[in-house]
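Reading the structure
Read off the chains here:
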Amino acid sequence: ASTRDLYRPRLHYTCAQNWLNDPNGLVYHEGVYHLFYQHNPFGTGWGNMSWGHATSTDLLTWTERPVAILCDEEEQIFSGSAVVDEGNTAGFGGPGTTPLVAIYTSAYSEASARPRIQAQSLAYSLDGGETWTKHSGNPVLDRGSENFRDPKVFRYDSPTGPYWVMVAVEATEQRVLLHKSSNLIDWEYLSDFTADGPDDILWECPDLFELAIDGDLTRTAWVLIVSVNPGGVAGGSGTRYFIGTFDGERFIEEPSAASGAGTADDGGRQCGMSGPLGGGLRGSWLDWGRDYYAAVSFSGLPYRRVMIGWMSNWDYANSTPTEGWRSAMALPREISLRTVDGRVRLAQSPIAPEATRTTDASDAVGRPLSARRTHLASMPRGSACRVRLTAPAPARGTFGLVFGAGGSEGACVTVDAAARAIRLDRTASGVVDFHELFPSVEHAPLDLLDGRIQLEIYVDACSVEVFAQGGLSTITDLVFPQGEPTSIEFFASSDVTVDELEVAVLG
Ligand code: FRU
């Protein structure tokens, strides 16, 4: 394998060849998870946008399928969603077949009958997602706009019966538009949602769903997801969320219920955060790293909410140093709402395989570790691992983990409990010079729950994903290490006694 093949993740989805960006059409149907995605079948850079396709029965391992919906001279197939049309409301199904319907953005070419327009279109599959036919009446929703895109459709149960709801963006106007339909074909405008923030950025890839609060199905809130580019908290692309209510027509943010903004403010001040939430923006960030964008959730999973995000950033996505393929999905994450200090917050839990082997780091547990580096484990370049750590929050000083080559190369996760902040520094993580915007240090707020710190970190061939405090804060960053092997070290600037410290090999 060439050095660069060592960047091919073990746990994270990549396509065998060529370019990938946003997850699309996430749908669970008859025991199979479908992951469609923005894909260039003809090159390793963005272009010729089509829907690639992969399937899984467990969200852990994926099988790449033939390209599902291919671009042509008329249109590129931009982002969108898919639903199981149980009631055959659109009429695409024959007797005894339940159609899958994809709702995507037709990005019309200059040469087409609708030059430069972006409008919403349908395609359907009668063979469980393998082959797709475009609806002859496309587009089904055209506002004559050049930036109307990324439809996410869900079934809404109103007191007077169910209907389809679409959230989509007017990207350059920073607006999420809601429409409704009985048949996925005829759409009626309902409302739109906007929020504070810069007005020279794009809003993309919205999602809207209902979740139980603290697992109590009688108390729910609605979560609105919006990806913003640029203007992300760590620079470039990032994903915001808002918590509120949805009455079948309109999403209303409830800042009192939501959203960690207070905590984010604190974290922002303490760790010198320059991102907008540090300045008191509404809502919160789904992830505080550089590489978590366009995250959307599965349809067809009634009792769970699972999201997948694209693990890159438009600042440098086209320049990452891989060969023959480019970009991965982040690990799927199960989403829940938790009340913390009287506020409803979103928490994320990664979906990852069982450990094949656990490295004994127990001699580091239960005794004070201080002022030095403690070597925990070494693993072959390109392998995947998980580190779990719990410790009482030290009153002063910092501690953390370095994933590196033992010398000066490493990606560094630092917990600063006194400042209620967690950092991920990738400035010396290996190959960083392929783009001037790549070297970076990310900051996330750290809630001190019961005065304790809990970290779960996933490192794969080219990524670090940090889940802090049960997933109340996450940081996702790409890294391109050069050293061999990957060593994992613990460091502390003053005494820290860890209760649990486990390194597990995952692949
Ligand atoms: C987000 C995005 C979407 C668009 C797609 C095109 O990353 O810009 O708004 O539909 O990518 O590939």
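Calculation notes
Residues numbered from 1 in each chain as written. Predicted model: local features only at pLDDT ≥ 70, side-chain atom pairs only at ≥ 80, totals over all residues. Helix = DSSP H or I, 4+ residues; strand = E, 2+ residues; numbered from the N terminus. Rg over C-alpha atoms; globule rule 2.2 N^0.38 Å. Buried ≥ 20, exposed ≤ 12 C-beta atoms within 10 Å, placed from the backbone. Contact = placed C-beta atoms within 7 Å. Core = buried A, V, L, I, M, F, W, Y, C linked by C-beta atoms within 7 Å. Domains from an automatic or database assignment. Nonpolar A, V, L, I, M, F, W, Y, C, P; charged D, E, K, R; others polar. Pairing = 2+ DSSP bridges. Near = placed C-beta within 6 Å.

Turning to the overall build of the protein, a few remarks are in order. The helix and strand inventory of the protein stands at one helix and 34 strands. In summary, the protein has a C-alpha radius of gyration of 22 Å against a globular reference of 23 Å for 507 residues, a match within 12%. Projected onto the principal axes, the alpha-carbon positions of the protein cover approximately 65 × 50 × 45 Å. Here the protein, with 507 residues, has 50% of them falling under the buried criterion. Contacts in the protein between residues far apart in sequence, at least 24 positions, make up 62% of those at least 6 positions apart.

Let us look at the environment of histidine 135. Along the polypeptide, histidine 135 turns up in the loop between strand E8 (133-134) and strand E9 (148-158). According to the C-beta neighbour criterion, histidine 135 is partly exposed, with 19 such atoms within 10 Å. Once residues lying within four places of it in the same chain are set aside, the contact partners of histidine 135 are Ser121, Leu122, Ala123 and Tyr124.

Turning to the nonpolar core, a few remarks are in order. By size, the foremost hydrophobic cluster in this structure holds 136 residues, and its most contacted members are Val101, Ala102, Leu122, Leu224, Ile457 and Val466. With seven residues, the top contributor of residues to this core is strand E6 (residues 100-108). Counting the residues that make up this core, at least three belong to each of domain 1 (15-350) and domain 2 (357-505). Non-local contacts of leucine 224, meaning those with residues more than four positions away in its chain, are made with Val176, Phe193, Pro206, Leu208, Tyr241, Phe242, Gly244 and Phe251.

The next thing to look at is the domain arrangement of the protein. Each assigned domain of the protein is listed here: domain 1 (15-350) and domain 2 (357-505). The partner domain 2 presents 31 residues to the 32 residues of domain 1 that form the contact. Broken down by secondary-structure element, the contributors of at least two residues to the side of domain 1 that touches domain 2 are helix H1 (261-270) and strand E22 (343-350). Tallied by class, the residues present in the side of domain 1 that touches domain 2 amount to 15 nonpolar, 11 polar and six charged.

This paragraph deals with the sheet that holds E8. Pairing is antiparallel in the open sheet, where four strands are placed in the order E5-E6-E7-E8. Two strands bound the open sheet, and with one partner strand each, they are strand E5 (75-84) and E8. Bridge count between strand E7 (residues 118-125) and E8: two bridges; the pairing is antiparallel. Within the sheet, the bridge partner assigned to tyrosine 124 lies in E8 and is threonine 133.

What follows deals with the environment of glycine 232. Here glycine 232 lies in the loop between strand E14 (216-229) and strand E15 (238-246). On the neighbour-count criterion, glycine 232 (27 C-beta atoms within 10 Å) is buried. For the pair glycine 232 and asparagine 313, spaced 81 residues apart in the sequence, the C-alpha separation amounts to 9.5 Å.

The environment of the ligand is formed by Asn21, Asp22, Gln38, Met49, Phe78, Ser79, Thr105, Arg149, Asp150, Glu204, Cys205 and Ala294. Those elements that place two or more of their residues in the shell around the ligand are strand E1 (18-29), E5, E9 and strand E13 (202-213). Per-class residue counts for the shell around the ligand are four nonpolar, four polar and four charged.

Here we come to the pairing of strand E25 (residues 385-392). Relative to strand E30 (residues 452-460), E25 runs antiparallel, the two being bridged by eight bridges. In the sheet register, valine 387 faces E30, and the bridge partner there is isoleucine 457. Judged from the six bridges that link them, E25 and strand E34 (residues 500-505) form a sheet pairing that is antiparallel. Each bridged residue has a counterpart across the sheet, and for arginine 388 the counterpart in E34 is glutamate 502.

Moving on to the sheet that holds strand E2 (residues 32-40). Sheet strands associate in pairs through backbone hydrogen bonding, adopting either a parallel or an antiparallel arrangement. Spatial strand order, E4-E3-E2-E1-E20: five strands in an open sheet with mixed pairing. Only two strands of the sheet have a single partner each, and these edge strands are strand E4 (63-69) and strand E20 (325-326). Two elements, E1 and E2, share seven bridges in a ladder whose sense is antiparallel. Counterpart to leucine 20 in the pairing with E2 is histidine 39.

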